[in-house]
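Listed below, chain by chain, are the residues.
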Amino acid sequence: MGIFDAFRKEEVTNSKVLVCQLGTSFDEPLKSDLRVYKRFYPSASSATFTTVAELRGAAAHSYDILHVFCEVGPGGAISDASGAHITGTELLKAATDSGVKLLWIGSDNPQEAYEAGFKTKGMKLNVVLTLRRLGSNTSLFLDNLLTKMAAGETLAKAWSVASQPEGKSVQPDVPHTISTLGRPSVVLR
């Protein structure tokens, strides 16, 4: 990789988007975020999974954006009603292996759970882990972020501007997240 490769945009057109949940506890935020995605990606789809195997299959299905609502346990694992589980790192690896560019856990989960189970080091994947959605503000933030990418901004630039609006020392509308940009030059159109 040459020095100038770091500045080259990785533009993806006709991005494939899946907004999904494990269980049925997240119907409202799923619908809200899906509406935003559909504005920018009309073919965005949604799914409700009952098993971890279905979630693992979705991660391996070559989506560009995988937006997941789930509960992350104290050890950093995602479990289904039968007790089957997948660690956050396993989910990240499955997503990375299939070419996912952005994996977003859209539901509130404790920072300790993310730290225990979502090891992003060395993964070529943009990851957003939600700590607090702040109600409908996350959908507003998502809309702002996607508007910037639709205009040609990279995810890194769009994230920086959307999460730290110019002239505002406090961002009450920005959800509390942990973000890792392992593929910062991607533009998802």
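Higher on the page you've got the structure.
Per chain, residues are indexed from 1 in the order of the written sequence. Confidence filtering applies because this is a predicted model: local features only for residues at pLDDT of at least 70, side-chain atom pairs given and counted only at 80 or more, and all residues used for totals across whole chains, interfaces and linings. Calculated side-chain values reflect all of the structure's heavy atoms, with hydrogen atoms and water omitted.

Once that is clear, we can look at the packing of aromatic side chains. Side-chain rings of Phe, Tyr and Trp, where Trp is taken by its six-membered ring, are said to pair if the distance between their centres is within 6.5 Å; with planes under 30 degrees apart they count as stacked, over 60 as edge-to-face, and otherwise as tilted. Throughout the structure, instances matching the rule amount to six aromatic pairs. Look at Trp-104 and Trp-159: their rings are 5.8 Å apart centre to centre, the planes differ by 70 degrees, and that puts the pair in the edge-to-face class. Of this pair, Trp-104 sits in strand S7 (residues 102-105) while Trp-159 sits in helix H6 (residues 155-163); the two residues are 55 residues apart in sequence, bridging distant segments of the chain. Side by side, Trp-104 and Trp-159 carry an identical accessibility label, which is buried. Put simply, the rings of Trp-104, Phe-141 and Trp-159 pair up and form one aromatic cluster. A run of H or I in DSSP counts as a helix once it spans at least four residues, and a run of E counts as a strand once it spans at least two, with each numbered from the N terminus. With a 1.4 Å probe rolled over the protein chains alone, any residue whose accessible area is under 20% of its type maximum counts as buried; one over 50% counts as exposed, and the rest are partly exposed.

Looking now at the side chain of Asn-137. The residue Asn-137 is located in helix H5 (residues 137-150) in this model. Here a residue-residue contact requires only that any non-hydrogen atoms of the pair lie within 4.5 Å. Apart from residues lying up to four places away in sequence, Asn-137 is in contact with Pro-172 and Asp-173.

Close contact between H5 and H6 brings their axes to 9 Å; oriented N to C, the two are set at 140 degrees. Here H5 is positioned oblique relative to H6, judged by the angle of their axes. For the element pair H5 and H6, the recorded crossing hand is right-handed. In this structure, H5 contributes Phe-141, Asn-144, Leu-145, Lys-148 and Met-149 to the contact, and H6 contributes Leu-155, Ala-158, Trp-159, Val-161, Ala-162 and Ser-163. Split into classes, the residues belonging to the contact of H5 with H6 amount to eight nonpolar, two polar and one charged. Helix axes use the C-alpha atoms of the stretch in contact, all axes being lines fitted to C-alpha atoms, and the angles between their N-to-C directions lie in the range 0 to 180 degrees. Orientation is classified from the angle alone, with under 35 degrees giving roughly parallel, over 145 giving roughly antiparallel, 65 to 115 giving roughly perpendicular, and any other angle giving oblique. When the near helix sits turned anticlockwise from the far one by under a right angle, the crossing is termed left-handed; a clockwise turn instead gives a right-handed crossing. Three residue categories are used. Nonpolar comprises Ala, Val, Leu, Ile, Met, Phe, Trp, Tyr, Cys and Pro, charged comprises Asp, Glu, Lys and Arg, and polar comprises the others, including Gly.

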